[in-house]
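Each chain, written out:
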2 protein chains.
Amino acid sequence: MADSKKIAVIGFGNIGSGVVEALYEKNFTGLELVKVVDIDLERPRPVTLPTGYLSTDWQAVVNDPSIDIIVELIGGIEPAGSVQLQALRNGKDVVTANKMLLAQRGQEIFSLASELKRRVGFRASFVGCHALIHEFQQAGVSARQFRRIYAILNGTSNYILSTMTRDGTEFEVALKEAQAKGLAESDPSDDVEGMDTASKIRILLSLITNSYQKVAPFPIEGIRDVTPQDIQYADELGYSIKLVGVIEQSNGVFNVAVHPALVPQASLLGSLEGAYNGTELEDEYGVVSGLVAPGAGVRPTTDAIIKDLLDIAGGNPLPMPSSAEQLVLGNTEDAQRRYYLRFSALDQAGVLAQISGLFGKHDISIAAVIQKEAVSKDFVPLVMTTHLAREGNVQAALQEVDRLQVVRARTRVIRILNADT
Amino acid sequence: MADSKKIAVIGFGNIGSGVVEALYEKNFTGLELVKVVDIDLERPRPVTLPTGYLSTDWQAVVNDPSIDIIVELIGGIEPAGSVQLQALRNGKDVVTANKMLLAQRGQEIFSLASELKRRVGFRASFVGCHALIHEFQQAGVSARQFRRIYAILNGTSNYILSTMTRDGTEFEVALKEAQAKGLAESDPSDDVEGMDTASKIRILLSLITNSYQKVAPFPIEGIRDVTPQDIQYADELGYSIKLVGVIEQSNGVFNVAVHPALVPQASLLGSLEGAYNGTELEDEYGVVSGLVAPGAGVRPTTDAIIKDLLDIAGGNPLPMPSSAEQLVLGNTEDAQRRYYLRFSALDQAGVLAQISGLFGKHDISIAAVIQKEAVSKDFVPLVMTTHLAREGNVQAALQEVDRLQVVRARTRVIRILNADT
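The rules behind each value
- Residues numbered from 1 in each chain as written.
- Chains lettered and ligands numbered in written order.
- Predicted model: local features only at pLDDT ≥ 70, side-chain atom pairs only at ≥ 80, totals over all residues.
- Least-squares fit on C-alpha atoms with pLDDT ≥ 70 in both.
- Contact = placed C-beta atoms within 7 Å.
- Pairing = 2+ DSSP bridges.
- Helix = DSSP H or I, 4+ residues; strand = E, 2+ residues; numbered from the N terminus.
- Axes fitted to C-alpha atoms, helices over the stretch in contact; angles between N-to-C directions.
- Parallel < 35°, antiparallel > 145°, perpendicular 65-115°, else oblique.
- Left-handed = near helix turned anticlockwise from the far one by under 90°.
- Expected span 1.5 Å × (residues − 1).
- Buried ≥ 20, exposed ≤ 12 C-beta atoms within 10 Å, placed from the backbone.
- Nonpolar A, V, L, I, M, F, W, Y, C, P; charged D, E, K, R; others polar.
- Domains from an automatic or database assignment.

Turning one copy of the chain about an axis and sliding it along that axis gives the other copy, so a rotation and a shift relate them. For the pair chain A and chain B, the best superposition has an RMSD of 0.0 Å and corresponds to a rotation of 180° with a translation of 0.0 Å parallel to the axis. Read as a symmetry element, the transformation amounts to a two-fold axis. Closest approach to the rotation axis within chain A is made by the C-alpha atom of Leu 291 of chain A, at a distance of 2.2 Å. Taken together, the interface assignments show that 100% of the residues at the interface of chain A recur at the interface of chain B, consistent with an identical surface on both copies.

Turning our attention to the sheet that holds strand S3 (residues 54–55) of chain A. Residue and element names in this part refer to chain A. Spatially, S3-S2-S1-S4-S5-S6 is the arrangement adopted by the six strands of the open sheet, whose pairing is parallel. Looking at strand neighbours, the two that pair on one side only are S3 and strand S6 (120–121), the edges of this open sheet. Relative to strand S4 (residues 69–72), strand S1 (residues 5–10) is paired through four bridges, and the arrangement is parallel. Counterpart to Val 9 in the pairing with S4 is Val 71.

With that out of the way, let us pick up the packing of helix H6 (residues 155–167) of chain B against helix H7 (residues 171–180) of chain B. Residues and elements named next belong to chain B. Look at H6 against H7: their axes get within 9 Å of each other, and the N-to-C directions meet at 125°. If you check the angle between H6 and H7, you find them oblique. Crossing of H6 against H7: the hand is right-handed. In contact with Thr 156, Tyr 159, Ile 160, Thr 163 and Met 164 of H6, H7 contributes Phe 171, Ala 174, Leu 175, Glu 177 and Ala 178.

Residues and elements named next belong to chain B. With 13 residues, H6 should reach 18 Å at 1.5 Å per residue; the first-to-last C-alpha distance of 18 Å fits that figure. Taken across its 13 residues, H6 has 11 buried, putting it largely inside the fold. Looking only at H6, the buried set comprises Gly 155, Thr 156, Ser 157, Asn 158, Tyr 159, Ile 160, Leu 161, Ser 162, Thr 163, Met 164 and Thr 165. Those residues of H6 that are buried are in contact with strand S7 (146–152), H7, helix H8 (189–192), helix H10 (228–236), strand S8 (239–250) and strand S10 (276–283).

Contacts between chain A and chain B engage 33 residues on the former and 33 residues on the latter. Where the side of chain A that touches chain B is concerned, the elements lending two or more residues are helix H5 (130–139), strand S11 (288–294) and helix H11 (298–314) of chain A. For the side of chain A that touches chain B, a count of residues per class yields 19 nonpolar, seven polar and seven charged.

A few words on the sheet that holds strand S6 (residues 120–121) of chain B. Residue and element names in this part refer to chain B. Read across the open sheet, the six strands follow the order S3-S2-S1-S4-S5-S6; overall the sheet is parallel. Whereas interior strands pair on both sides, the edge strands pair on one side only; in this sheet they are strand S3 (54–55) and S6. Across two bridges, the pairing between strand S2 (residues 31–37) and S3 is parallel. By the bridge assignment, Val 37 is partnered in S3 with Ser 55. Strand contacts of helix H11 (residues 298–314): strand S1 (5–10), S2, strand S4 (69–72), strand S5 (93–96) and S6, with the helix running at about 165° to S5, the strand carrying the most contacts.

Below, the discussion takes up unusual backbone geometry. All names here are of chain A. Glu 78 connects to Pro 79 through a cis peptide bond whose omega is 5°. Topologically, Pro 79 is positioned in the loop between S4 and helix H3 (80–89). Backbone geometry at Lys 117 places phi at a positive 55°, although glycine is not the residue there. With respect to the element layout, Lys 117 can be found in the loop between helix H4 (99–116) and S6. Using a count of 7 C-beta atoms within 10 Å as the deciding quantity, one classes Lys 117 as exposed.

In this section: the packing of helix H4 (residues 99–116) of chain B against helix H9 (residues 195–209) of chain B. Residues and elements named next belong to chain B. Packing of H4 against H9 leaves a shortest axis separation of 8 Å and a crossing angle of 60°. Classified by the angle between their axes, H4 and H9 sit oblique to one another. H9 is crossed by H4, and the crossing has left-handed handedness. Contacts between H4 and H9 involve Lys 99, Met 100, Leu 102, Ala 103 and Gly 106 from the former and Ser 199, Lys 200, Arg 202, Ile 203 and Ser 206 from the latter. Among the residues making up the contact of H4 with H9, the classes are represented as four nonpolar, three polar and three charged.

Residues and elements named next belong to chain A. Once the domains are mapped, chain A shows domain 1 (5–125), domain 2 (130–294) and domain 3 (332–416). Each of domain 2 and domain 3 was reduced to a C-alpha centroid, and the two centroids are 25 Å apart. Across the contact, 13 residues belong to domain 2 and 12 residues belong to domain 3. Mapped by element, the contributors of at least two residues to the side of domain 2 that touches domain 3 are helix H10 (228–236), strand S8 (239–250) and strand S9 (253–264). Looking at the side of domain 2 that touches domain 3, the element that brings in the most residues is S9, giving five residues. Tallied by class, residues from the side of domain 2 that touches domain 3 come to nine nonpolar, two polar and two charged.

And the structure:
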């Protein structure tokens with residue numbers, strides 16, 4: 001196997017075991033597993049390797065000149081970052097599933113790889129959408145631009161929102177169910193507060209713009225504040241509530257955000273249930289494509305890593321951001337969007353007139369109103385949706401609304417994602 | 001441009017104009033347009049070429065040894081088939097969007113290409129799903145098998161069914177609307193009778209099994225007989241009615257069919273509206289991926305052709321069936337499926353008992369029943385769905401049901417596609 005690429009896998013956990021098993025037991029042309037590194041070699045694993053393969057010393061392996069490709073599956077920031085950077089400096093290619101590292105230090109890693117003409121395969125860091133994004137990025141050669149990417153990228157949050165929708169339960173109840181099923185971590189913050197989605201959105205943005213420059217911070221909001229009431233009202237209006245990552249582009253200016261949103265039920269994202277990922281992409285001609293795929297799991301992640309390895313070994317194209325161009329983020333206040341608004345108002349005459357008057361003053365046009373009979377003496381459920389409105393105007397109007405004497409609590413605002421607007 | 005591939009486009013219609021415009025006006029590394037052939041060179045086109053490019057003589061172009069790649073965009077069977085075969089024999093690669101030709105004569109074309117070590121790029125013949133199928137086929141290197149592909153592959157039929165669902169109209173009314181909007185041909189048979197879907201299913205089957213052997217005939221049923229009543233009952237049961245192509249595999253035995261089906265509304269296919277294509281693929285581990293994309297149009301088709309050309313010029317992998325293995329089709333009678341059944345029964349005591357008695361006798365278990373109050377003296381609307389049942393048993397039971405004195409017309413049978421069964 002003189003022409004084979006010699007591969008070391010660093011990190012022998014769940015995913016590592018899947019990759020090692022695939023490489024060791026199947027005969028991929030051009031791929032030769034030579035080392036597997038982990039700090040713990042005692043733990044039982046689904047695949048048994050001769051001892052010559054195993055090592056606890058990642059430095060020795062990364063500095064071994066006979067190795068061509070390092071598969072970094074440790075996760076987290078360190079020592080994973082040092083593993084990747086040292087491997088690149090030593091002239092090796094890198095394959096990884098580490099989205100947190102790429103989101104935080106992608107600039108350093110990709111710029112070094114570009115400089116040294118090495119390759120970083122990272123399909124596995126966005127398994128739920130790589131088929132669509134790679135396809136589109138390849139289509140970039142025919143000069144297509146994109147208008148927007150709307151994506152559900154966190155299976156845990158989507159599972160929790162699906163459960164809340166199906167059972168009418170509160171967030172905390174649905175979270176406990178997800179934890180009991182092993183679909184949420186004991187500390188679920190990364191998933192439910194939107195950080196995981198934001199990491200993937202950063203990677204997608206890099207890939208689709210070909211720029212590895214870290215973008216400025218963008219708004220990130222999770223699903224802890226989503227209530228069964230909001231889900232119920234959204235349903236009456238024909239929408240599901242989903243945690244979405246959004247990248248919009250207009251004339252080279254980007255709007256990027258992660259937040260819960262009302263999504264039309266009869267759409268790819270709106271009908272996505274459970275722990276799946278879904279991505280919708282609209283190109284400059286208004287052509288929309290969408291992909292639904294598992295966003296995690298040993299099998300899809302292993303497949304993605306093997307594909308990267310085969311592409312590196314075969315000399316095939318492997319998209320990797322290679323430009324240092326700084327992306328320009330738009331002023332959020334100027335964005336034109338649609339909104340769902342739930343007011344906490346007293347049941348008094350003139351409430352609707354006061355609120356809608358303030359909206360008219362700020363040039364916000366109301367699309368729909370749901371006002372039900374009061375459930376208690378001093379509280380009337382009132383929900384409105386707007387037509388496209390400038391975000392700054394909506395914020396200004398709500399500041400005034402929330403100061404009204406008839407309004408008892410902060411108005412709940414959720415963006416409406418509408419493919420048609 | 002000594003290293004560029006010299007390209008001739010044969011067929012200068014809508015798609016041809018898109019491809020010629022892209023090749024002529026953009027600078028794709030490695031691609032050089034040298035000839036464009038059409039029998040009619042007078043018609044105005046969106047792109048104007050110097051006269052040296054144009055020819056009416058495809059034979060001269062296909063026999064020109066300086067040309068490397070022939071893009072066949074004539075469509076239909078002849079002369080398109082002769083163009084492709086002659087190009088291959090002359091040592092050229094071929095790129096095409098011609099699904100009808102590949103479905104009918106793919107065996108001849110792909111076997112010749114394999115023998116002569118030439119390449120046939122045909123992404124453009126299944127633009128609505130190539131990203132998903134190529135991705136999966138590439139994953140085939142990691143030895144994944146598939147269990148099933150369910151796909152909506154005909155935009156015209158899907159548009160008509162969407163209209164019937166939205167407006168409650170009859171097939172003929174929705175067809176006329178689609179024709180008025182240019183979304184259905186004046187002779188819509190190919191689209192609405194399932195032939196177009198069947199062509200695409202044949203190509204997908206070739207691609208995913210790597211076999212170019214033509215499979216035996218399989219059942220093809222179109223949407224002419226779908227009624228607003230069936231759509232309404234399906235809706236009450238939580239399903240949409242869609243025209244689907246189905247490929248199922250179990251232990252190397254394939255079940256292939258095209259027919260209308262009840263699809264869960266809250267699924268990728270069930271929520272697909274309008275002229276889009278959608279494909280769901282389940283692998284051997286039960287991992288489901290799905291893609292939604294435009295199934296036709298100048299832009300996506302042109303992009304697919306350019307991708308094929310770039311892959312050929314760049315020496316990248318380009319999946320093409322290369323085996324002569326004969327696929328084994330399963331015995332349809334033994335397939336286990338779920339069914340929707342609408343009976344045309346008289347409003348007499350004991351009808352339900354007679355029908356359900358016959359079902360029990362044939363080992364068919366009933367999942368749901370809708371019996372509404374009679375709309376006229378002698379007719380009672382009666383709809384049933386079954387649990388998984390052997391197709392042969394259902395056919396046998398229905399032969400007996402349709403002979404009952406209380407049954408006035410043939411029972412309407414529509415398969416239920418259920419991802420969970």
